[in-house]
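What follows is the residue order along each chain.
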Amino acid sequence: QVQLVESGGGSVQPGGSLRLSCAASGFTFSSYVMSWYRQAPGKERELVAGITSAGGSRNYADSVKGRFTIYRDNAKNTLYLQMNSLKPEDTAVYYCNARRVRVDYWGQGNQVNVSS
């Protein structure tokens, strides 16, 4: 059974930091491109960051470049998103995604609130 279980969300003040984790099971994690997406109220889901299967290449949305870092530990089957200098506009539900050819897996989502 495929599972992507996110954790680490919560509430933080502007300028603060959070680290999201996504624990994967039920598939060969190291063979999948992994990504973080987010969806704010009333907006479409958007790509935040992605990382290739071996971790050699990463890409980021312009809005988070220089503030967020995506990384993975294939030995632990876990994906991470380190979020620094958080802004109110980063408030959203964050989703973990695993993708390979015609296969797409999603986590249940994890709420991040940035407010003073």
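Scroll up a little and you will see the structure.
Cut-off values and rules
Residues numbered from 1 in each chain as written. Predicted model: local features only at pLDDT ≥ 70, side-chain atom pairs only at ≥ 80, totals over all residues. Heavy atoms only, no water. Helix = DSSP H or I, 4+ residues; strand = E, 2+ residues; numbered from the N terminus. Buried < 20%, exposed > 50% of the residue type's maximum accessible area, 1.4 Å probe, protein only. Contact = heavy atoms within 4.5 Å. Areas by Shrake-Rupley, 256 points an atom, 1.4 Å probe, with all protein chains shown as cover. Salt bridge = Lys/Arg side-chain N within 4 Å of Asp/Glu carboxyl O. Core = buried A, V, L, I, M, F, W, Y, C linked by side-chain atoms within 4.5 Å. Disulfide = S-S within 2.5 Å. Pairing = 2+ DSSP bridges. Axes fitted to C-alpha atoms, helices over the stretch in contact; angles between N-to-C directions. Polar contact = N/O pair within 3.5 Å; in protein donor to acceptor, adjacent residues only side chain to side chain.

## Quick notes on the overall build of the protein
- For the protein, the count of helices and strands is zero helices and eleven strands.
- N-terminal to C-terminal, the α/β element order of the protein is β-β-β-β-β-β-β-β-β-β-β.
- Seen through its C-alpha atoms, the protein measures out along the principal axes to roughly 40 × 25 × 25 Å.
- Taking all 116 residues of the protein together, the buried fraction comes to 41%.
- Within the protein, residue pairs in contact and separated by at least 24 positions form 52% of the contacts whose partners lie at least 6 positions apart.
- Roughly 6,100 Å² of accessible area belongs to the protein as shown, and the carbon and sulfur atoms make up 45% of that amount.

## Digging into the pattern of salt bridges
- A full pass over the atoms with the stated rule returns five salt bridges.
- The residue Arg67 makes a salt bridge to Asp90 at a minimum N-O spacing of 2.7 Å. Here the residue Arg67 occupies a position in the loop between β6 (58-60) and β7 (68-73), and Asp90 occupies one in the loop between β8 (78-83) and β9 (92-100), the gap between them amounting to 23 residues. With respect to class, Arg67 is no different from Asp90; both count as buried.
- A cluster of three or more residues bridged by salt bridges with shared partners is formed by Arg38, Glu46, Arg67 and Asp90.

## Here's the deal with the nonpolar core
- Among the nonpolar cores identified, the biggest contains 29 residues, and Met34, Trp36, Leu79, Leu81, Met83 and Tyr94 are the most heavily contacted of them.
- Where this core is concerned, the elements lending two or more residues are β3 (18-25), β4 (33-39), β5 (46-51), β7, β8, β9 and β11 (110-114).
- Those residues within four positions of Met34 in sequence are excluded, and the remaining contacts are Leu4, Phe29, Ala49, Gly50, Ile51, Ile70, Arg72, Leu79, Cys96, Asn97 and Ala98.

## Let's talk about the state of the cysteines
- All chains considered together, the criterion is met by one disulfide.
- The disulfide partner of Cys22 is Cys96, and the gap between their sulfur atoms is 2.1 Å. Disulfide Cys22-Cys96: the torsion about the S-S bond is -75 degrees, which places it as left-handed. Of this pair, Cys22 sits in strand β3 while Cys96 sits in strand β9; the two residues are 74 residues apart in sequence, bridging distant segments of the chain.
- You can call Cys96 buried: its relative accessible area is 0%.

## A short note on the pairing of β8
- The element β8 is largely enclosed, with a buried count of five among its six residues.
- As judged from the six bridges shared by β7 and β8, these two strands associate in the antiparallel manner. Among the inter-strand pairings, Arg72 is bridged to a residue of β8, identified as Leu79.
- Where β7 folds back onto β8 in an antiparallel hairpin, the turn is made up of four residues, including Asn77, whose phi is positive at roughly 55 degrees.

## A word on the sheet that holds β3
- Spatial strand order, β1-β3-β8-β7: four strands in an open sheet with antiparallel pairing. The open sheet has two free edges, formed respectively by β1 (3-7) and β7, since each of these has just one partner strand. Put simply, the sheet's adjacent strands are angled 15 degrees from each other on average, direction ignored.

## Concerning the environment of Asn97
- By the element assignment, Asn97 lies in strand β9.
- You can call Asn97 buried: its relative accessible area is 0%.
- Once residues within four sequence positions are removed from consideration, Asn97 is found in contact with Leu4, Val33, Met34, Ser35, Tyr37, Asp104, Tyr105 and Trp106.
- Reaching out from Asn97, the side chain makes a polar contact with the backbone oxygen of Tyr105 at a distance of 3.2 Å.

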